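Each chain, written out:
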Amino acid sequence: MDQGEGTTRSAFSGAAQNVLQGRDFVGGVHFHMGEERSALTPRQLPGDVHGFVNRTADLDRLDQLLADDESGSARVCVIAGTAGVGKTSLAVHWAHRARARFPDGQLYVNLRGYDPGAPISPARALEGFLEALGMPPKAIPLDLDARAAAFRSLLADRRVLVVLDNAATVGQVRPLLPGAGQCLTLITSRSRLSGLVARDGAQRLTLDVFDEPAALELLRGTTAGYRADEAQDIAELARLCARLPLALRVAAERAAARPRVPLGALIDDLRDESSLWDALSSEDDEEADAVRTVFAWSYRALPAEAARLFRLLGLHPTPEFSLHAAAAIAGLPPGPTRRQLDVLVGAHLLAQTASDRYQFHDLLRAYAIDQTTQLDTEEARRAALGRVLDWYLHTADALAEVLGRQWIWRIPPEERNASARPLHFAELSEGTEWFAAERKNLLASVRVASESGRALIAWQLPAVLMPAYTTLSQLEDLFEAGCLGLEAARRSNELRGEALLLVLLGMGCRQSHRRDEAIAHHRGALPLLRRLGDREAEAFVLNLLGLVHLDSHRFDEARLGFQDSVSLCEEIGYAEGARIARSNLGTALLGLGLADEAIALLRGAAEEARQAGNTYSHGNDLADLSLAYLESGRLEEAQRASSTALEIARSIGYAVLEAWVLIRHGRVQQASGQLDEALVSFQRSAVIHRRIGDRGREAEALDAAGTVYAELGREDEAVHFHRQAIATFRAIGDEWQTAVGLHHLASVLNALGENEKARAAWREALPLLAEFHHPKAVTLRAFVERSLSETGERPAPS
C-alpha cells in the first residue's frame, strides 16, 4: 500500500496515469543518485521579433556582456525604459541572436509586473523554471527560499540564458537570479531597479525612444508593399507616435491596412483623436498621450464585432487565452471568433503566440479594460465574464471524467450550462495537455470568481479540479484554489462545497507530508457529508483518513479508518470502495504483525481486482501480498506474487506502479540471496521515483540499496546511500523511516569499527522510535537499546 510521498493507490481510484516510461534505464550495481542531472534543455524564448530595426548600439552593449565573461559569477543586465519603448523586443531579439552561446537552454517568463491583473510571484516563476529544467512537480518545494536554492543548484554548472520580462520590483526578480556560474539574466522593467545595480552588480541599459531615422525605418518597413507615402507625411506620423516603437507598429499596421486612404487623411484622424486613456501611467506625459491616442485611433478603425471582442477580452482572467476561451467570452462559435482575432492580430492589438493562443500587451489590455468599462453595460460585462468562467468550469469537469477516478465530484446534470460549449477529451493525454496549458488561467478563474461574488463557480471549479490537482501533483495551485473555494463556500453557506474543499485540502496536505493538517481537514469534512447524506463520499473520506495514519505508521488508527470505510461501503453496496478499503486494511494489519489476516485480505482483494479486470489494482495488491508472504516466511509465494506484480506493472506501462513494485520485488530478491538482482531492482526504483518526484519512495529505495551493499561487504557505499536516504526522510518529516535509516547506518558504522558514530546514530533513532508502538517498532527499539548497551552506553529510559 501507499507508504511514501506519491500515490500508487491514494484513495478510491481506478485508471492509472502513465507518468513515466523507464525504458532508458541502464542496469548495473554501481549507481550514484546524488549526481543525476536532468537531461532537459529548456527552449522557452518567444518567437523572434519580425521586422526588428535599429538598436544597433544597444545590441552591441549586450554582446559586450558575453565578451566580459571573467568574473565567474552569473551576470545580470536590466533593460529599463518607458512603456512601449521596445524593451521586450530588444531582449527577445538579442536572446535569439545569442542563444547558441547558451547551450544548456533559455528560460523565459513574463512577470506581468505592470499588467492590470496580479503579477507573477517569484514562487510561481520558479515553479515554471524548475519544471522546465526537469524537476518533477511533486519534487518542487512549496517554500520560496527552497525553490530559489534548488534553482541556483540546477544552474550552478550550466550556461543558461534567463529572460525576466516586465519586472516591477527588485523583490520580484531577486529570487530568480542564478548564483555562481556562466548564466546571464536579462531583466526588462519600466523601473530602474537600482537595488539590483547596487547590491547584485547588475548592469543597466536604458532605452530611449527611436531617433527619427529608426522610426521612419520601422514605418516604411511595415507599410512596404502596401503603400508609398511622402517623406514628410511619414515623419509627421512618427512625431505623432512620439517615436515609441509600440505606437509606431500599431499606427503602421493601420496605415498598411488602408492603402487607398492618403496618409495625410489618416494623420488628420490621429491628430483629431480626443479620447484620452486615463488608465495609462507613464513617466512622460507626451509619450503617454501618444500611446493612448494611437491605441484609440487604431481601435476606432476596427469593425464593430472585432472592437467588441477586443473590449471583452480585457475581462479575461489573464492576458493570455485560447481561441475557445475567446469564443466563450464573446458568446460566439470558434469560427467567427477566429476571424475577429485575426483582425485584432493584424491591427497589432493582440499577439498570436501559437495556432490557437493569443496574448495582450499589458498596455493594450489596460486599454481594453478601460474601453469595456466605458462602452459596455455592467450586465454585458458580467455576462461575458460569466460565460468564460462557465467554459473553464465545464471543460475542467470534462477533464475530471477522463482522469478516471472512481469517486469524484462532477457538476450535477441539472446545474450544467448547455451554452458553455466546453471541450471534451477523447484521450487522457489531450486532457493533461489542456490542463498544462490552462493551469494559470484556471487558478486565475477561481480568483476572479471569488472576487466578483460568483461563489458557486469559486468552489465548484477547484472541486472538479480535485483529480487533476492530486493526480498531477500541482500542490501550490491546489492550496490556493482550495482555500479560495473553501472561503467562498462558507460565505454562501454551501455545505457540499465546504465538504469537498476540505477533502481537497486534506489530500494536498497528505501529499505534502502535513499529516496533522490532513487529518483535521478530513475530519472536518465528515460531519458535513453526513448532514448531506452523501455516504459514498463519507466512505471515501474514511479511507483517506486511514491512508494518512498508514503513512505515519499509526497502524491502529489506520485499521479503524479502513474498517469503518469497509463497513459503510458494504452497507451501501459500494463494491469497488469496499475492495480498496479491504486491501488497505490488509496493509495496516501487516504493520500490526497480523500477517495471516493480512494475507487473507490482500489475497481476496487481488482476486476481486483480477475478476473485475482492474489490472492496476491487481498488480498493486499482489505487491503488498508479496511483502505479507515474505514476513510470514513463505518465500516461494512471495517470489511468485512480486514477479507477477512486476509483470503487470510493466505490461500496462505505469511507471509509478512499477517503481513501487520494484521495492517489494527487491526485498524478496534480497531475502532469496539474489543480492545483485536486488540492487538492480532498488536502483531502477530509485531512478524512476526521482524522475516522477516521489522523494519518500526514492529514499526508501536508496536505504534498501544500502542494506544490500552492506551484505555485499561494500560498507562505504552502504554508508553513502543510508545517509542520502536519511537526509530525505528528515526533510519530508518521516520519523519512522528516519529511525529505520539511522539504525541501518549505525549497524554499518559499527561493523566498520566507527563505534562513536554508530552510537550517535542509534541515540538519534531511539527517541523517534519511542513515538511508535506497533510490533516492528517495539522490536527495533529493543534492538537499538541492546546495541547501545553492548557498545558501552546505557540508553535513556524510553
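Just so we're clear, the structure is a prediction, and the values are computed from it rather than from any experiment.

Here is what the cut-offs are and how they apply
Residues numbered from 1 in each chain as written. Predicted model: local features only at pLDDT ≥ 70, side-chain atom pairs only at ≥ 80, totals over all residues. Heavy atoms only, no water. Helix = DSSP H or I, 4+ residues; strand = E, 2+ residues; numbered from the N terminus. Rg over C-alpha atoms; globule rule 2.2 N^0.38 Å. Buried < 20%, exposed > 50% of the residue type's maximum accessible area, 1.4 Å probe, protein only. Areas by Shrake-Rupley, 256 points an atom, 1.4 Å probe, with all protein chains shown as cover. Lys, Arg positive; Asp, Glu negative; His and termini not counted. Charge placed at Lys NZ, Arg CZ, Asp CG, Glu CD. Disulfide = S-S within 2.5 Å. Pairing = 2+ DSSP bridges. Axes fitted to C-alpha atoms, helices over the stretch in contact; angles between N-to-C directions. Expected span 1.5 Å × (residues − 1). Contact = heavy atoms within 4.5 Å. Core = buried A, V, L, I, M, F, W, Y, C linked by side-chain atoms within 4.5 Å. Left-handed = near helix turned anticlockwise from the far one by under 90°. Nonpolar A, V, L, I, M, F, W, Y, C, P; charged D, E, K, R; others polar. Phe/Tyr/Trp six-rings, centres within 6.5 Å; stacked < 30°, edge-to-face > 60°. Lys NZ or Arg CZ within 6 Å of the ring centre and 35° of its normal. Salt bridge = Lys/Arg side-chain N within 4 Å of Asp/Glu carboxyl O.

Pulling in residues and values, what's your account of the overall build of the protein chain?
In terms of regular secondary structure, the protein chain is built from 35 helices and eight strands. By the compact-globule yardstick of 28 Å for 798 residues, the protein chain fits well, its C-alpha radius of gyration being 31 Å. Considered along the principal axes of its C-alpha atoms, the protein chain spans approximately 95 × 65 × 45 Å. Counting all 798 residues of the protein chain, 59% fall into the buried class. Just so you have it, the protein chain exposes about 31100 Å², and 49% of that area is on carbon and sulfur atoms. Mean positive and mean negative side-chain charge positions of the protein chain (87 and 108 charges, respectively) differ by 0 Å.

If you had to explain the state of the cysteines to someone new, which residues and values would you point to?
Evaluation of the coordinates by the stated rule reveals zero disulfides. The thiol sulfur of Cys183 is not disulfide-bonded, and the nearest other cysteine sulfur, from Cys77, lies at 15 Å. Sulfur of Cys483: no disulfide; nearest cysteine sulfur belongs to Cys509 and is 8.4 Å away.

Report on the sheet that holds strand 7 (residues 351-354), specifying residues and quantitative values.
Overall, antiparallel pairing links the three strands, which are arranged 6-8-7 in an open sheet. Both edges of this open sheet fall to strand 6 (320-322) and strand 7, since each of them pairs with a single strand only. Pairs of neighbouring strands in the sheet enclose a mean axial angle of 30°, with direction left out of account. The pairing of strand 6 with strand 8 (residues 357-359) spans three bridges and is antiparallel. Bridge pairing in strand 8 places Glu320 opposite Gln359.

Tell me about helix 25 (residues 575-591), residues and numbers included.
For helix 25, built from 17 residues, the straight-helix expectation of 24 Å at 1.5 Å per residue is met to within 8% by its first-to-last C-alpha distance of 25 Å. Burial analysis of helix 25 places 16 of its 17 residues in the buried class, which makes it a mostly covered element. Positioned one or two residues after helix 25, Gly593 has a phi angle of 85°, which is positive.

Hey, could you go over the sheet that holds strand 1 (residues 75-80) for me, with residue numbers and the actual values?
Read from one edge to the other, the open sheet built from five strands follows the order 2-3-4-1-5, with strand pairing classed as parallel. Looking at strand neighbours, the two that pair on one side only are strand 2 (106-110) and strand 5 (203-206), the edges of this open sheet. On average, adjacent strands in this sheet sit at an angle of 15° to one another, irrespective of strand direction. With five bridges connecting them, strand 2 and strand 3 (residues 161-167) associate as parallel partners. Its bridge partner lying in strand 3, Val109 is registered against Leu164. In the packing of helix 3 (residues 122-132) onto the sheet, the strands contacted are strand 2 and strand 3, and the crossing angle to strand 2 comes to about 155°.

Please provide a residue-by-residue account of the nonpolar core, values included.
Judged by nonpolar contacts, the single largest core of 188 residues is most densely connected at Trp94 and Leu313. Counting residues per element, this core draws most heavily on helix 16 (residues 378-403), at eleven residues. Excluding anything up to four places from it in sequence, Leu313 contacts Phe321, Ala326, Ile329, Leu341, Leu344, Leu350 and Phe360.

Describe unusual backbone geometry, naming the residues involved and giving the relevant values.
Unusually for a residue other than glycine, Arg112 sits at a positive phi of about 55°. Mapped onto the secondary structure, Arg112 falls in the loop between strand 2 and helix 3. Despite not being glycine, His513 shows a phi value in the positive range, around 65°. When you line up the elements, His513 lands in the loop between helix 21 (495-511) and helix 22 (515-532). Take His513: its relative accessible area is 15%, and that puts it in the buried class.

Explain the packing of helix 34 (residues 755-769) against helix 35 (residues 775-790) to me, using residue names and the numbers behind them.
Relative orientation of the contacting elements helix 34 and helix 35 amounts to 145°, with a least axis distance of 10 Å. Along this stretch, helix 34 crosses helix 35, giving a crossing that reads as left-handed. From helix 34, Arg759, Trp762, Arg763, Leu766 and Leu769 reach across to helix 35, where they touch Leu780, Arg781, Val784, Glu785, Ser787 and Leu788. When grouped by side-chain class, the residues that make up the contact of helix 34 with helix 35 number six nonpolar, one polar and four charged.

Any chance you could break down the packing of aromatic side chains for me, citing the residues and the numbers?
Taken as a whole and judged by the stated rule, the model has 16 aromatic pairs. Here the aromatic rings of Trp736 and Phe772 are separated by 5.5 Å at their centres, their planes lie at 70°, and the arrangement is edge-to-face. On the criterion of sequence distance, the pair formed by Trp736 in helix 33 (residues 735-751) and Phe772 in the loop between helix 34 and helix 35 is long-range, its members being 36 residues apart. Given a relative accessible area of 7%, Trp736 falls into the buried group. Residue classification places Phe772 among the buried positions, given a relative accessible area of 3%. An aromatic cluster of three or more residues is present, and its members are Phe295, Tyr299, Phe310, Phe321, Tyr358, Phe360 and Tyr367. Positioned over the ring face of Phe102 is Arg159, at 5.7 Å from the centre of the ring. In this structure, Arg514 packs its charged tip against the face of Phe479, placed 4.4 Å from the ring centre.

I'd love a proper account of the environment of Arg308, names of residues and values included.
With respect to the secondary-structure elements, Arg308 resides in helix 12 (residues 304-313). Sequence separation between Arg308 and Ala368 is 60 residues; the distance between their C-alpha atoms is 9.6 Å. Not counting chain neighbours up to four residues away, the residues in contact with Arg308 comprise Ala330 and Arg387.

Which residues make up the pattern of salt bridges, and what values go with them?
Scanning all chains against the criterion turns up 47 salt bridges. Between Arg227 and Asp229 there is a salt bridge, and its shortest N-O distance comes to 2.8 Å. The buried category is assigned to Arg227, whose relative accessible area is 11%. When its relative accessible area of 25% is taken as the criterion, Asp229 is described as partly exposed. Note that Glu764 and Arg730 form a salt bridge whose closest N and O atoms lie 2.7 Å from each other. Of the two residues, Glu764 is situated in helix 34 and Arg730 in helix 32 (residues 715-731); the sequence distance between them amounts to 34 residues. Exposure remark for Arg730: the relative accessible area of 45% places this residue in the partly exposed category.

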